[in-house]
Amino acid sequence: MILAFSALTLPTVGETEAEAAAAPWVRSFPPHRVTSVVPSSLDGSVRHLPPVPSLPRPDVEMQAPISPKTATDAPSSGPVTPNMPALVQSFEGLNRTGSCTGGQCGAGWPPDTVGDVGPSNYIEGVNSAAGIYSKTGTQQAAFTFNSLWSAASTGTACDADHQGDPTVVYDQIADRWFVADFAWGGADLGTGPYYECVAVSKTANPVTGGWWLYAIRADDAIHPYLPDYPKMGIWPDGLYMSANMYDCLNSSCSSATYMGVRAWAFDRTVMEAGGALQGVVFDTDATYFSMLPSNLRGTAPPSGTPNYFVSESSSSTFQVFKFHVDWTTPGSSTFTGPTDVTHASYSTAGGAVVPQPDTAVKLDSLEDRLMMQAQYRNISGTESLWVAHTVGNVPVGIQWAQIDVTGSTVSTTPVQQQIWRNVANDGVSRWMPSLAVDGLGNMAIGYSASSGSVYPSLRYAGRLAADPSNTLGQGEATMMAGAGSQTVYDRWGDYSSMSVDPVDDCTFWYVGEYYSATGTDWHTRIGSFAFPGCASPPPPVCTITGTSGNDLLIGTPGDDVICGLGGKDTLKGRGGNDDLRGGGGNDTVYPGTGDDLVDGGAGTDRVSYSDLKAKVTVNLSRSSTGGAAGSDMLRLIERATGTKYADTLKGNTHANNLIGLAGNDSIFGLKGNDVLDGGTGTDSLDGGPGTDTCKHAERKKSCER
C-alpha cells in the first residue's frame, strides 16, 4: 500500500492550538512564520566555553511498539578467513567520568555514541557532551552540550536543559558540521515543549570557526509528543531528520503511547548561512517505527532525487519512503510510500538478552529497529541504500542489505543481503551495527561483540565490491577488546557510527562503546582503516588543455574533460556530459547541454547559460542546476548568468553577481554583498542578508542599492 502524508507546519509563535487546528492540513513552513527559530550566534573558540554541567539523564528508554518476531533462525555463518585491514588510527574518545568543559562528560547510560569525520577533524557525540579530535587523535576540544548553548539565550530548553540522544553529521557538499541533541524543561519528561537543539558550524573549522545555534521545537500544540531516537541525513536539497513520537502519560514518561514517526526536511543551505529556519514536516501513523533518512557520501544523486526514509517492518520487509521537499512551494512537498523490500526472515529474542562475563546483567540487543545510518551511494550510476540491524536469538547477529534505488525506482528485493550470526559457532553475539561504503563499493560494518566469556568489545568486518554477493568476505577484526562488563542498566550503546573519510573516499572511521574494567564507567573508542587498493580517485585526464594565458577552449559533441590552467579562460562544453575545470584565474564556463561538472577552481568564476534555448534554474548554494541546463554540479562558482527566458538564479554565501538577461526572472542572493541584475523583462530580485545592489528590477526586496 502506498501512503501519502500531508505536509504541515509547526504552529508559529503566538498561534493558539485552536488556530493551528483550524488551519489547512497542507501547509508550508516558511521562515517568516517560524520567528522563534532564528539562530543564536556563537563566535570564537569552543575551547573557551563557560563550564555548565550536564543534567543527570533520565533512566527511561522508550520501548518499541513492535512485537517479537518468530521464525527459524538463520544457520550459523561459516568461518571466514580474517583479512580485514589493520587499524590506521585507534584512540580514546569520551568516557563517562572523563573531564569536559562543564564537568563530567557522561550523563548516565547508555552513551548513545555517534560521530563523523571531515577533512581535518573527527567529532564525537555522547550523552551529553561532544568531543572534537584531530585525525591523529589529539583532543582539540570537549564540552557538555549545556556549555555549548549556555550563551544562546533562545528562551527555550536548549539554553540549559540538554537531555541526550546526540547526532553528528558532516556535510561534504558545503564542508560544514551539524551537531545536535534534544532538550526539554527540567525533570518533568512528560510535559513539553520538546526541542531539537541543532548547532551548525559557520566554517569548516569546528573549533574556532563559530556555530549557528538553532532551537527547533520538535513537537507542537496539536502533537505534544516526545521526539525520541532522532536521526539525521545530509542530502543535496536539505538536512533530513526523523524521530519516534511518544505521548507521555506521566511525568517520567515511563508510561507512554507511541504515536508514529515525524519526518523533517530543513533547508541546510539557509542553516549553514545563519538564516531563519525553513522546514517541512510530515507525520505518519503508529504503523511505522524508527525511520532513517538517507545520508549522502560520495557522488551526489541525480538532481531532483528524493530523500529516502527506511524502516524495518513488523514482517520481513524493509519499508522505503520518498520525501520530496519543494522549497518554492513547501505545501507541495510529498512524503510517499512505502515500497516494501522483501528480505530474509528472522526471529527476535527481544529485550536484554546479550550475556557478558562477571555479571548477571544482560544487554539490550535493540533488535526492533534499523541502526544508523541509511547510507546512500551512487557508484558509476548505480544508486543504493545500505542498511543494517540486529536479528536472531542468542547469540544475536546482524542483518545487512543493499537496496537498489537507481533512478528513484526502489527495487522490491535487495541486491544482496546476509544474516551474519554465530560465526563458526563461536557463541558470540554481534549487535549494534553501523555500516558505510567507500567510493569503490567496498563495505565495512562495525559492531559490539559479547558472550558469557567475551567482554563486550568493538569489532569490524567487511566485504570488497568484488567479493561473492551476500557475504562479508573479508572476515572480521577487533578494534578494541573489552576488559570489563557493564553492571548497571541493560541498555548498551543505543548506537555506534561508521563513516567514510571525505578526503579520500576510502578510509573508514568507526566509534563505539566498551569498558576498560567491569563497573559503570563506559568508554568509547575511535578507529580508522582502509581496504588495500582503495585510493583517492585520480585527477581527470584532460582531453582539452589550456595554457598559462587567456584561452578559449571549446569541446566536442561528446564527453569532454576541458581544463584551463592559469589566465582568464573561457570554457565551452557542447553536447555530452562534460567535465569543465577553470583552474587558476577568473574564468567563464558555458556548460551547454548534458549533465556537466563545472569546477571554477581558484579566482572569481562565472557559469553562463546565455546560449541555451530554454529557461534554467541555477542554485549556487546547492551546487546544482535544472531546466534546460540539465543536472549540472557546480563547484567554486561565484557568478551566474541565465538565458533569454524566465530563469531562477540563486546565490550562495559568497558575494555573488547574478545576471538574468531577458525574460521574467527570479533572482535571489543568499548572504554576502551581492549584485543582482534582472536585465530586460519583468524581474523579481531579492538580495537577502548583506548590502546588495539590484539593477533592472520591477520587484525588489532587501536591496540596499
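Residues numbered from 1 in each chain as written. Predicted model: local features only at pLDDT ≥ 70, side-chain atom pairs only at ≥ 80, totals over all residues. Heavy atoms only, no water.

Participant: Please clarify how the overall build of the protein chain should be interpreted in this entry.
Facilitator: Counting secondary structure elements, the protein chain contains three helices and 53 strands. Rg of the C-alpha trace for the protein chain: 25 Å, near the compact-globule value of 27 Å for 705 residues, within the 12% margin. A principal-axis box enclosing the C-alpha atoms of the protein chain has dimensions of 75 × 60 × 50 Å. Every one of the 705 residues in the protein chain was classed for burial, and the buried ones make up 59%. (Helix = DSSP H or I, 4+ residues; strand = E, 2+ residues; numbered from the N terminus. Rg over C-alpha atoms; globule rule 2.2 N^0.38 Å. Buried < 20%, exposed > 50% of the residue type's maximum accessible area, 1.4 Å probe, protein only.)

Participant: For this particular structure, what's the right way to read the pattern of salt bridges?
Facilitator: Where charged atoms from two side chains of opposite charge come close, those side chains can pair. Here the structure, examined in full by the defined rule, presents 16 salt bridges. Taken together, the shared-partner salt bridges in this structure form one network comprising Asp 426, Arg 430, Arg 459 and Glu 476. (Salt bridge = Lys/Arg side-chain N within 4 Å of Asp/Glu carboxyl O.)

Participant: Please clarify how the packing of aromatic side chains should be interpreted in this entry.
Facilitator: Aromatic rings in a pair are described by how distant their centres are and how their planes are angled relative to each other. For the structure on display, the rule yields 27 aromatic pairs. Seen from their ring centres, Trp 386 and Trp 400 are 6.3 Å apart, and the 15 degrees between their planes marks the pair as stacked. In this pair, Trp 386 sits in strand S25 (residues 382–391) while Trp 400 sits in strand S26 (residues 397–404), placing the two residues 14 residues apart along the sequence. Grouping aromatic residues by their ring pairs yields a cluster made of Tyr 240, Phe 282, Tyr 288, Phe 309, Phe 321, Phe 323 and Phe 335. The side chain of Arg 369 reaches across the aromatic face of Tyr 229, ending 4.4 Å from its centre. Cation over ring: Lys 650 sits above Phe 668, and NZ or CZ is 5.6 Å from the ring centre. (Phe/Tyr/Trp six-rings, centres within 6.5 Å; stacked < 30°, edge-to-face > 60°. Lys NZ or Arg CZ within 6 Å of the ring centre and 35° of its normal.)

Participant: Teacher, can you tell me more about the sheet that holds strand S17 (residues 279–283) here?
Facilitator: Across a sheet, strands are paired by hydrogen bonds formed along the backbone, either parallel or antiparallel in direction. One open sheet accounts for four strands, arranged S14-S15-S16-S17; its pairing is antiparallel. Only two strands of the sheet have a single neighbouring strand rather than two, namely strand S14 (226–235) and S17. Each strand axis lies, on average, 20 degrees off the axis of its neighbour in the sheet, ignoring direction. (Pairing = 2+ DSSP bridges. Axes fitted to C-alpha atoms, helices over the stretch in contact; angles between N-to-C directions.)

Participant: Sorry if this is basic, but what is going on with the side chain of Gln 319 here?
Facilitator: Looking at the element boundaries, Gln 319 is found in strand S20 (residues 317–324). According to the relative accessible area criterion, Gln 319 is buried, its value standing at 9%. Those residues in contact with Gln 319 that sit more than four places away from it in its chain are Tyr 288, Phe 309, Val 310, Ser 311, Glu 312, Ser 313, Pro 338, Thr 339 and Asp 340. (Contact = heavy atoms within 4.5 Å.)

Participant: Can you help me understand the nonpolar core in this one?
Facilitator: Nonpolar side chains tend toward joint burial in soluble globular proteins. Counting 55 residues, the largest nonpolar core has Val 46, Leu 94, Phe 143, Leu 148, Trp 149 and Trp 211 as its most contacted members. If you look at the next biggest cluster of nonpolar residues, it comprises 43 residues, including Ala 265, Tyr 308, Trp 327 and Val 341. (Core = buried A, V, L, I, M, F, W, Y, C linked by side-chain atoms within 4.5 Å.)

Participant: Just checking my understanding: could you explain the environment of Gly 573 for this structure?
Facilitator: Along the polypeptide, Gly 573 turns up in the loop between strand S38 (570–572) and strand S39 (579–581). A relative accessible area of 8% places Gly 573 in the buried class. Spatially, the C-alpha atoms of Gly 573 and Thr 593 are 7.7 Å apart, while their sequence positions differ by 20 residues. Residues within four places of Gly 573 in sequence aside, it is in contact with Asp 578, Leu 580, Tyr 590, Pro 591 and Gly 592.

Participant: Help me understand the state of the cysteines, please; the structure alone is not making it clear to me.
Facilitator: Defined simply, a disulfide is a covalent bond joining two cysteines at their sulfur atoms. As enumerated under the stated definition, the model contains six disulfides in all. Here Cys 100 pairs with Cys 105 through a disulfide, and the sulfurs are 2.0 Å apart. Taking the torsion about the S-S bond as the criterion, the Cys 100 to Cys 105 disulfide, at about 100 degrees, is right-handed. Grouping residues by exposure puts Cys 100 and Cys 105 together as buried. For Cys 694, the disulfide goes to Cys 703, at an S-S distance of 1.9 Å. Residues Cys 694 and Cys 703 are joined by a disulfide whose S-S torsion is about -70 degrees; by sign, that bridge is left-handed. (Disulfide = S-S within 2.5 Å.)

Participant: How do you make sense of the sheet that holds strand S52 (residues 693–695) when you look at a structure like this?
Facilitator: Read across the sheet, eight strands follow the order S36-S38-S40-S42-S46-S48-S50-S52 without closing on themselves; strand pairing throughout is parallel. Looking at which strands have only one partner, the edges of the open sheet turn out to be strand S36 (552–554) and S52. Averaged over all pairs of adjacent strands, the angle between strand axes in this sheet comes to 10 degrees, irrespective of strand direction. In the sheet, strand S46 (residues 639–641) pairs with strand S48 (residues 657–659) via three bridges, with the strands oriented parallel. When the sheet's bridge partners are listed, Ala 640 is paired in S48 with Leu 658.

Participant: Sorry, what's going on with the pairing of S14 here?
Facilitator: Counting buried residues along S14, ten of its ten residues qualify, which places the element largely inside the surrounding structure. Pairing of S14 with strand S15 (residues 238–248) involves eight bridges; the strand directions are antiparallel. When the bridges of S15 are listed, Gly 233 appears paired with Tyr 240. The loop that links S14 with its antiparallel partner S15 comprises two residues.

Participant: Where do I start with the pairing of strand S16 (residues 256–266) in this structure?
Facilitator: Across a regular strand the side chains alternate sides, sitting on one face of the sheet and then on the other. Where burial is concerned, most of S16 is hidden: eight out of the eleven residues are buried. Sheet topology note: the S15/S16 ladder contains ten bridges and is antiparallel. Opposite Ala 243, over in S16, you have Arg 262 as the bridge partner. Here S16 runs beside S17; their pairing, made up of five bridges, is antiparallel. In the sheet register, Ala 263 faces S17, and the bridge partner there is Phe 282.

Participant: Any chance you could explain the confidence of the model for the protein chain here in plain terms?
Facilitator: Parts of the prediction with low pLDDT should not have their coordinates interpreted in detail. The share of residues in the protein chain with pLDDT of 70 or more is 91%, and the mean pLDDT across the chain is 88. Throughout residues 1–35 the model reports pLDDT below 50, and contacts reaching past four residues in sequence, or to other chains, amount to 81 contacts. (pLDDT = per-residue confidence, 0-100.)

Participant: Mind showing me how you'd approach unusual backbone geometry here?
Facilitator: In most cases, non-glycine residues show a negative phi, while peptide bonds are predominantly trans. The omega torsion of the bond from Gly 192 to Pro 193 falls at 0 degrees, within 30 degrees of zero and hence cis. For Pro 193, the location among the structural elements is in the loop between strand S11 (176–184) and strand S12 (194–201). The linkage connecting Gly 337 with the following residue, Pro 338, adopts the cis geometry, with an omega of 5 degrees. Of note, Pro 338 is situated in strand S21 (residues 334–342). Residues other than glycine seldom take positive phi values, yet Tyr 489 does so here, at roughly 70 degrees. Tracing the backbone through its elements, the reader meets Tyr 489 in the loop between strand S31 (476–480) and strand S32 (497–500).

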